[in-house]
Amino acid sequence: MFIRGRRLRQNENIRNLVEETSISVNDLIMPIFLIDGKNKVEKVPSMPGIHRKTLDKQLEDIKSAIDLGINAIIIFPAVDEKLKDPLGKEALNKKGLIPKSIRAIKKAFPRILIITDVALDPYNSDGHDGVLKDGEILNDKTVEILCRQACIHAEFGADIVAPSDMMDGRVAKIREALDRKGFHNTAIMSYAAKFASSLYGPFREALKSELKNGDKKSYQINPKNYREAIKEILLDEAEGADLLIVKPASFYLDVIKTSSEASMLPIVAYQVSGEYSMIKAAADKGYINNDSVMRESLESMKRAGASAIITYFALEMASLLNNK
Ligand code: PBG
């Protein structure tokens, strides 16, 4: 036997020497769920360890994140039911939760990168990412609103806007709208390959943005389709996106891998709510070890080619990395 693969695995030093993938706090993007008001913390039952919080409370979490070396957050609003309507008008309210929060977070922590979600689902009464009319999600009408939403986020200080709606042509239109208003330094991180996955359930519970009826299959990608996902990746690159998201991550590592080869833009993996909940639930039962499975799941995304990862484990993973 000439070839013995185990030679390179025989002790920790040699294993470390040939290690191909590493993960650091620089790779982590922390999602936060905001609610209006003061001094309120609400559990998200399907996501143990994750809470909806008012801005004052989230500022404390952001401080802990920064202390652990996290550089980026992505913020999501849980909007009061009373403020929702079919057009999602609250998305364009400059006094709304998101503009107000961006400004306050930037004031408290000028260097943290703030990423905002651009889509209508937290704001419209149907729970859809776009405007619903006679059973159809209107593409172009939605894109017009998203352009205005993105500009408001940029105006209040967002560093990166992240359209998650999957309407056609929105990246180019948002780029144009941002540039027209002078926001040429605001980057676009597009949810380029976003699948119509069943793993978003806990997130919709967190934002109280459950669909009133129907599904998102007329705009999100069929989970069975790989080539279509790569097509969307290439399209968003051509339209002027700066970073590209593949979402969910763990069931879609093939898409992350090819995306990172087909495009030279940074690929961001989104480990979504259901992925987090599955690991948490199994760990709570003692079936798997939380820390090592968390680490392995995130490392697998890096191995597949992701440059960064949006993950509800951000704080936990950052503390693990700080202790070892
Ligand atoms: C909505 C949006 C969703 C997520 C991020 N932005 C849900 C959806 O498309 O229904 C999902 C995130 C998660 O599950 O963690 N525009």
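Residues numbered from 1 in each chain as written. Predicted model: local features only at pLDDT ≥ 70, side-chain atom pairs only at ≥ 80, totals over all residues. Heavy atoms only, no water.

Quick notes on helix α7 (residues 227-238)
Structurally, the α-helix is built with 3.6 residues per turn, so residues lying three or four positions apart point the same way.
Right, on to step 1. Here α7 contains 12 residues, and its C-alpha end-to-end distance of 17 Å stays within 8% of the 16 Å for a straight helix at 1.5 Å per residue.
Right, on to step 2. Of all the residues in α7, the buried ones are Ala-229, Ile-230, Glu-232, Ile-233 and Asp-236. Seen end-on, α7 carries its buried residues on one side only, within an arc spanning 155 degrees. What points out from α7, more than 90 degrees from its buried face, is the exposed set Arg-227 and Ala-238.
Right, on to step 3. Of the surrounding secondary structure, the elements contacted by the buried residues of α7 are α5 (170-180), β9 (187-194), β10 (243-247) and α8 (253-262). (Helix = DSSP H or I, 4+ residues; strand = E, 2+ residues; numbered from the N terminus. Expected span 1.5 Å × (residues − 1). Buried < 20%, exposed > 50% of the residue type's maximum accessible area, 1.4 Å probe, protein only. Arc of directions from axis to C-beta. Contact = heavy atoms within 4.5 Å.)

What about the site of the ligand?
Right, on to step 1. Around the ligand sit 17 residues in total, of which Ser-164, Lys-194, Arg-204, Lys-247 and Tyr-312 are the nearest.
Right, on to step 2. One of the side-chain N or O atoms of Asp-121 is found 3.0 Å from a nitrogen atom in the ligand.
Right, on to step 3. Between an oxygen atom of the ligand and a side-chain N or O atom of Tyr-312, the distance comes to 2.6 Å.
Right, on to step 4. Classifying every residue of the shell around the ligand by side-chain character gives 7 nonpolar, 3 polar and 7 charged. (Near = heavy atom within 4 Å. Polar contact = N/O pair within 3.5 Å; in protein donor to acceptor, adjacent residues only side chain to side chain. Nonpolar A, V, L, I, M, F, W, Y, C, P; charged D, E, K, R; others polar.)

Considerations on a positive patch on the surface
Right, on to step 1. On the surface, Arg-4, Arg-6, Arg-7 and Arg-9 cluster together into a positively charged patch.
Right, on to step 2. By relative accessible area, which is 41% here, Arg-7 ends up partly exposed. (Patch = residues over 30% accessible without salt bridge, like charges linked within 9 Å, V, L, I, M, F, W, Y side chains within 5 Å. Areas by Shrake-Rupley, 256 points an atom, 1.4 Å probe, with all protein chains shown as cover. Salt bridge = Lys/Arg side-chain N within 4 Å of Asp/Glu carboxyl O. Lys, Arg positive; Asp, Glu negative; His and termini not counted. Charge placed at Lys NZ, Arg CZ, Asp CG, Glu CD.)

Some details on the packing of helix α4 (residues 139-156) against α5
Right, on to step 1. Put simply, α4 and α5 touch, their axes get as near as 9 Å, and they point 45 degrees apart. The angle between α4 and α5 falls in the class oblique. For the crossing formed where α4 meets α5, the hand is right-handed. Of the residues in α5, those in contact with Val-143, Leu-146, Cys-147, Ala-150, Cys-151 and Ala-154 of α4 are Arg-170, Lys-173, Ile-174, Ala-177 and Leu-178.
Right, on to step 2. In the contact of α4 with α5, the residues fall into 9 nonpolar, no polar and 2 charged. (Axes fitted to C-alpha atoms, helices over the stretch in contact; angles between N-to-C directions. Parallel < 35°, antiparallel > 145°, perpendicular 65-115°, else oblique. Left-handed = near helix turned anticlockwise from the far one by under 90°.)

Comments concerning the pattern of salt bridges
Right, on to step 1. One pass over the structure, following the stated rule, counts 24 salt bridges.
Right, on to step 2. The closest approach of N and O atoms between Arg-170 and Asp-236, which form a salt bridge, is 3.1 Å. In this pair, Arg-170 sits in helix α5 while Asp-236 sits in helix α7, placing the two residues 66 residues apart along the sequence. Accessibility assignment for this pair places Arg-170 and Asp-236 in one class, buried.
Right, on to step 3. Salt-bridge contacts for Lys-280 lead to Glu-316; the nearest nitrogen and oxygen are separated by 3.0 Å. A residue pair is termed long-range when its members are at least 10 positions apart, and Lys-280 in helix α9 (residues 273-284) and Glu-316 in helix α11 (residues 314-323) qualify at 36 residues.
Right, on to step 4. Note on Lys-280: relative accessible area 9%, which makes it buried.

Digging into the pairing of strand β8 (residues 160-163)
Right, on to step 1. Residues of β8 alternate between two faces, with Ile-160 and Ala-162 on one and Val-161 and Pro-163 on the opposite face, all of them buried.
Right, on to step 2. Alignment of strand β5 (residues 113-118) against β8, held across 4 bridges, turns out to be parallel. For Asp-117, the partnering residue across the bridge sits in β8 and is Ala-162.
Right, on to step 3. Bridge analysis of β8 against β9 gives 2 bridges, and the strand direction is parallel. From the neighbouring strand, Val-161 faces β9, where its bridge partner is Ile-188. (Pairing = 2+ DSSP bridges.)

A word on the packing of aromatic side chains
Right, on to step 1. By the definition in use, this model includes 9 aromatic pairs.
Right, on to step 2. Centroid distance Phe-33 to Phe-203: 5.8 Å. Interplanar angle 70 degrees. Geometry classified as edge-to-face. Of the two residues, Phe-33 is situated in strand β1 (residues 28-35) and Phe-203 in helix α6 (residues 201-207); the sequence distance between them amounts to 170 residues.
Right, on to step 3. When the ring of Tyr-276 is compared with that of Phe-313, the centres are 4.6 Å apart and the planes differ by 55 degrees; the resulting orientation is tilted. Here Tyr-276, found in helix α9, pairs with Phe-313, found in the loop between β12 (308-311) and α11; they are 37 residues apart in sequence, far enough to count as distant.
Right, on to step 4. On the basis of relative accessible area, Tyr-276 is assigned to the buried category, the value being 1%.
Right, on to step 5. On the basis of relative accessible area, Phe-313 is assigned to the buried category, the value being 0%. (Phe/Tyr/Trp six-rings, centres within 6.5 Å; stacked < 30°, edge-to-face > 60°.)

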